[in-house]
Protein chains: 2
Amino acid sequence: MNIDQLFSSTTKKALQNDPPGEWMPNIPANCLRLSSGFPAPNVVPVTELKQAVTNLLDQEQDLPLHYVGTPKMELLPEQIKHRLEQRALSFSSDEILVTAGACQAIDLIARVLLDEQSVVAVESPTYMEALEMFQNYTHQFIEIPMDEHGMKTDELAHVLAERKEQGLPMPKLLYTIPSFQNPTGTTLTNERRRHLIKLSEHYQFLILEDDAYGELYFDELPIPLSAMDTENRVLYVGSLSKVIAPGLRIGWVATTKEMVQTLFWFKKDLDHPFAQAIMSQYLNENPLDRRLKELRTAYKEKCDTMLEALEQYMPRHVSWYVPEGGYFVWLKISNIDTSALLDDATKNGVSFLPGKYFFLHEEEGREWLRLSFSYEEKEEIQQGIKRLSEVLSQM
Amino acid sequence: MNIDQLFSSTTKKALQNDPPGEWMPNIPANCLRLSSGFPAPNVVPVTELKQAVTNLLDQEQDLPLHYVGTPKMELLPEQIKHRLEQRALSFSSDEILVTAGACQAIDLIARVLLDEQSVVAVESPTYMEALEMFQNYTHQFIEIPMDEHGMKTDELAHVLAERKEQGLPMPKLLYTIPSFQNPTGTTLTNERRRHLIKLSEHYQFLILEDDAYGELYFDELPIPLSAMDTENRVLYVGSLSKVIAPGLRIGWVATTKEMVQTLFWFKKDLDHPFAQAIMSQYLNENPLDRRLKELRTAYKEKCDTMLEALEQYMPRHVSWYVPEGGYFVWLKISNIDTSALLDDATKNGVSFLPGKYFFLHEEEGREWLRLSFSYEEKEEIQQGIKRLSEVLSQM
């Protein structure tokens, strides 16, 4: 029998508009991985996590292995609350919902807010997984272009005014990564941040602020949109994936207590108590502030290495944005199809992510590519950029 | 601002029909917990899991802590495939999707198949969390009554024939726990299993077979519905929560390769690689067959203790079903409101789950309650039943 016919109306539309298929290019193992948006292997705290698991199970025995978890796990919102205070954000622990990574937070928010009538405004380009999660519910998007200072809020203002005038449906939700964006690495200026908040108040939309990279600033901590929000319009999503370990899947959303309760209602059977207890134990035993300081220095040095290598090796038709934190450098190579380029690049032992993966309309990403300086070490980064330039010069 | 107004149409309906609120009674800590559907603390393999984590991280370092996980985690479908072979089920590993517990499997299936037009047939009573997950998408249910042999398939046949005749919408999905059901502990007879499969073929509906307790039979392994299915109508959901540890959240759905691919599309950003790698390492190091044999013996003894205590202490207006496996005994106490009884019972130091939690229409569960023999030890079980009978005799 053909199960497809039994899919729900929403699923049918989601599959039609965004059919399952290639969602990441296949990168050969022997490449220098400038494609991977992962923490570097040597900064993942393997020993400390191993110790945390041992101590947790020694102290709490079977407790963290049951459904309802352990008091350790209940500490986690409190620990996240203290992290947020470092970012000028004041939430009580019942305004914080721990999720399985930022992705579960985005998924829950999409699930609770969006249906096929909903319009979502997104940066263009943006984080592909978030786009895909929104596409499970709606296909009405407003794409806001970016420049080196993040989302062009004047363009957003223009589009919104026009839609209002024409009586078109207005966005319910705007999704943004204001700091060290994925994939562009750009940071929204404070002026644009204030503009965006004003627009959300005027046009009555919510903002999903994805701040997964926020703690990885090089020089200056950007002020989260959430800290400028006086009307509870910002759902603040964060994660420990980029600063501790992605595989534990610990993220959160900070919002009103009422919204936390509703989101919880849809996730309560999708909890992961053991991972939460491990993370809480780890955070208790390992001061995060010192670690973050080390990470910021290490990633800044790797970013500088990448930027220097780009200056040294890249031909003139290649340009890029200079990031102020995070993991990524976003490159434009005029008159080159970066998807085709990837084949040659991997043959020459280096990988990147073609721009097409970050746009609703793939062709818009044709001349762009994302480089990541998070995963490889400095020498490999330099070598990788050199290899990429060799491929370019042969074209 | 009032975020409620921005909820999606589906969310609004879900919250209206099933408002967030009390979803489990608050059980004081000093009670004998005949309410808890958890494995007994002393059978949770704490030491072995601690060892598995240590070995995993020693062998694979940071690999299991990244997004994409580790080869260990990729072994898990293969390991589950071998488990299913013990149950007369033949699936290839790409027909198995590992999920965060059986709950994520049920949630994904509901998400992909159900919308507000969908009719779902459920056992009455049934597993409350599954009901709630279905209610996130639809509010059209057909409730099929149970007796000591599981779902009354003749009632199902009757309802379906009647609906067909009257031109009413037919069910798209039927949810059943055929073996050692939660909450009734009953097992569907083989005759009824065959009848159910026939009905699914005749009326063209899918079956979500939740077999979370299947491996915990006392004497005889029940044949899964999936093994009788020749038209790929059964989505077979299982879990290691009841036999190893719930907190790791390892479950699965076994179905066609195409369906696995679609379900994966909706869960790919909601993966939990570290937990999967731990489970795979644990299974490699600890033969599950021996463990299962021990668990079956232990739970059978605890069940016998509970049944003997019920015989010894309970007054005549109390009756129950005798389980052939699993965790639960389902009691009927004529003319008693079991929700009110719980207050008195917890004051006397024993807990249970009132029947109302397992019915769409709470009042139908008024005279029923679920006892669990999984969590407490034999002496405590006997003591718990004695305490419960004391409360009853004072009413």
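Parameters and conventions
Residues numbered from 1 in each chain as written. Chains lettered and ligands numbered in written order. Predicted model: local features only at pLDDT ≥ 70, side-chain atom pairs only at ≥ 80, totals over all residues. Heavy atoms only, no water. Helix = DSSP H or I, 4+ residues; strand = E, 2+ residues; numbered from the N terminus. Buried < 20%, exposed > 50% of the residue type's maximum accessible area, 1.4 Å probe, protein only. Contact = heavy atoms within 4.5 Å. UniProt positions renumbered as here; feature names shortened; annotations may be inferred. Phe/Tyr/Trp six-rings, centres within 6.5 Å; stacked < 30°, edge-to-face > 60°. Pairing = 2+ DSSP bridges. Axes fitted to C-alpha atoms, helices over the stretch in contact; angles between N-to-C directions. Parallel < 35°, antiparallel > 145°, perpendicular 65-115°, else oblique. Left-handed = near helix turned anticlockwise from the far one by under 90°. Nonpolar A, V, L, I, M, F, W, Y, C, P; charged D, E, K, R; others polar. Salt bridge = Lys/Arg side-chain N within 4 Å of Asp/Glu carboxyl O. Buried area = accessible area lost by both parts, 1.4 Å probe. Polar contact = N/O pair within 3.5 Å; in protein donor to acceptor, adjacent residues only side chain to side chain. Domains from an automatic or database assignment.

1. Quick look at the overall build of chain A
Here comes step 1: Across its full length, chain A holds 14 helices and 14 strands.
Here comes step 2: The principal-axis extent of the C-alpha atoms belonging to chain A is close to 60 × 55 × 55 Å.
Here comes step 3: Counting only residues that meet the buried cut, chain A has 64% of its 395 residues in that class.
Here comes step 4: Pairs at least 24 apart in sequence give 75% of the contacts found in chain A among residues at least 6 apart.

2. Some words on the UniProt feature "domain: Aminotransferase class I/classII large" (unreviewed entry) in chain A
Here comes step 1: Annotation from UniProt places "domain: Aminotransferase class I/classII large" (unreviewed entry) at residues 33-388 of chain A.
Here comes step 2: Helix makes up 43% of residues 33-388 of chain A and strand 16%, with an end-to-end C-alpha separation of 12 Å.

3. What to know about the packing of aromatic side chains
Here the distance between the centres and the angle between the planes together describe a pair of aromatic rings.
Residues and elements named next belong to chain A.
Here comes step 1: Enumeration over the complete set of coordinates arrives at 24 aromatic pairs over all chains.
Here comes step 2: Considering the side-chain rings of tyrosine 327 and phenylalanine 328, the 5.9 Å spacing of their centres and the 80° angle between planes classify their relative orientation as edge-to-face. Of the two residues, tyrosine 327 and phenylalanine 328, both sit in the buried class.

4. Some words on the sheet that holds strand 13 (residues 353-354) of chain A
Residue and element names in this part refer to chain A.
Here comes step 1: Taken in spatial order, the four strands line up as 10-11-14-13 in an open sheet, and their pairing is antiparallel. Since the sheet does not close on itself, it has two edges, and those belong to strand 10 (318-320) and strand 13, each with one partner.
Here comes step 2: Strand direction decides the pairing type here: strand 10 and strand 11 (residues 328-333), joined by three bridges, are antiparallel. Directly across from tryptophan 320, in strand 11, lies its bridge partner leucine 331.

5. Here we look at the packing of helix 13 (residues 338-347) of chain B against helix 14 (residues 378-393) of chain B
Residue and element names in this part refer to chain B.
Here comes step 1: At their nearest, the axes of helix 13 and helix 14 sit 9 Å apart, and the two run at 120° to each other. Comparing their axes, helix 14 and helix 13 come out oblique. The handedness of the crossing between helix 13 and helix 14 is right-handed. The segment helix 13 lies against helix 14, with Leu341, Asp344 and Ala345 engaging Leu388, Val391 and Leu392.
Here comes step 2: Of the residues contributing to the contact of helix 13 with helix 14, the split by class is five nonpolar, no polar and one charged.

6. A closer look at the pattern of salt bridges
Here comes step 1: Applying the stated criterion across every chain, the model contains 36 salt bridges over all chains.
Here comes step 2: Of the charged contacts, one joins Lys267(A) and Asp271(A) as a salt bridge, the two residues approaching to 3.0 Å between their closest N and O atoms. A single burial state applies to Lys267(A) and to Asp271(A), both of which are buried.
Here comes step 3: Between Glu231(B) and Arg233(B) there is a salt bridge; the shortest N-O distance is 2.8 Å.
Here comes step 4: Residue classification places Glu231(B) among the partly exposed residues on the basis of a relative accessible area of 28%.
Here comes step 5: You can call Arg233(B) buried: its relative accessible area is 2%.

7. Details of the interface of chain A and chain B
Here comes step 1: On the side of chain B, 72 residues touch chain A, which itself brings 73 residues to the contact.
Here comes step 2: Between chain A and chain B, the buried area comes to about 6,500 Å², and carbon and sulfur atoms account for 66% of it.
Here comes step 3: Counting across the chain A and chain B interface gives six salt bridges.
Here comes step 4: Where chain A meets chain B, there are 24 residue pairs in polar contact (both at pLDDT 80 or more).
Here comes step 5: For the side of chain A that touches chain B, the elements supplying multiple residues, two or more each, are helix 1 (9-17), helix 2 (46-60), helix 5 (101-113), helix 6 (128-135), helix 10 (257-267) and helix 11 (273-285) of chain A.
Here comes step 6: Tallying contributions element by element places helix 2 of chain A first for the side of chain A that touches chain B, with seven residues.
Here comes step 7: Residue composition of the side of chain A that touches chain B, by class: 40 nonpolar, 16 polar and 17 charged.

8. Focus on the domain arrangement of chain A
All names here are of chain A.
Here comes step 1: Each assigned domain of chain A is listed here: domain 1 (27-45 + 290-393) and domain 2 (47-285).
Here comes step 2: Contacts between the two partners involve 28 residues from domain 1, matched on the other side by 36 residues from domain 2.
Here comes step 3: Across the domain 1 to domain 2 interface the summed buried area is about 2,800 Å²; carbon plus sulfur atoms make up 64%.
Here comes step 4: Per-residue buried area on domain 1 facing domain 2 is highest for Pro45, Arg296 and Leu360; these three make up 25% of the total on that side.
Here comes step 5: Ionic pairing is found between glutamate 215 and arginine 296, a salt bridge with its closest N-O pair at 3.9 Å.
Here comes step 6: Counting across the interface, domain 1 meets domain 2 through twelve residue pairs in polar contact (both at pLDDT 80 or more).
Here comes step 7: Elements with a contribution of two residues or more to the side of domain 1 that touches domain 2: helix 12 (288-313) and strand 11.
Here comes step 8: Considering only residue class, the side of domain 1 that touches domain 2 consists of 18 nonpolar, four polar and six charged.

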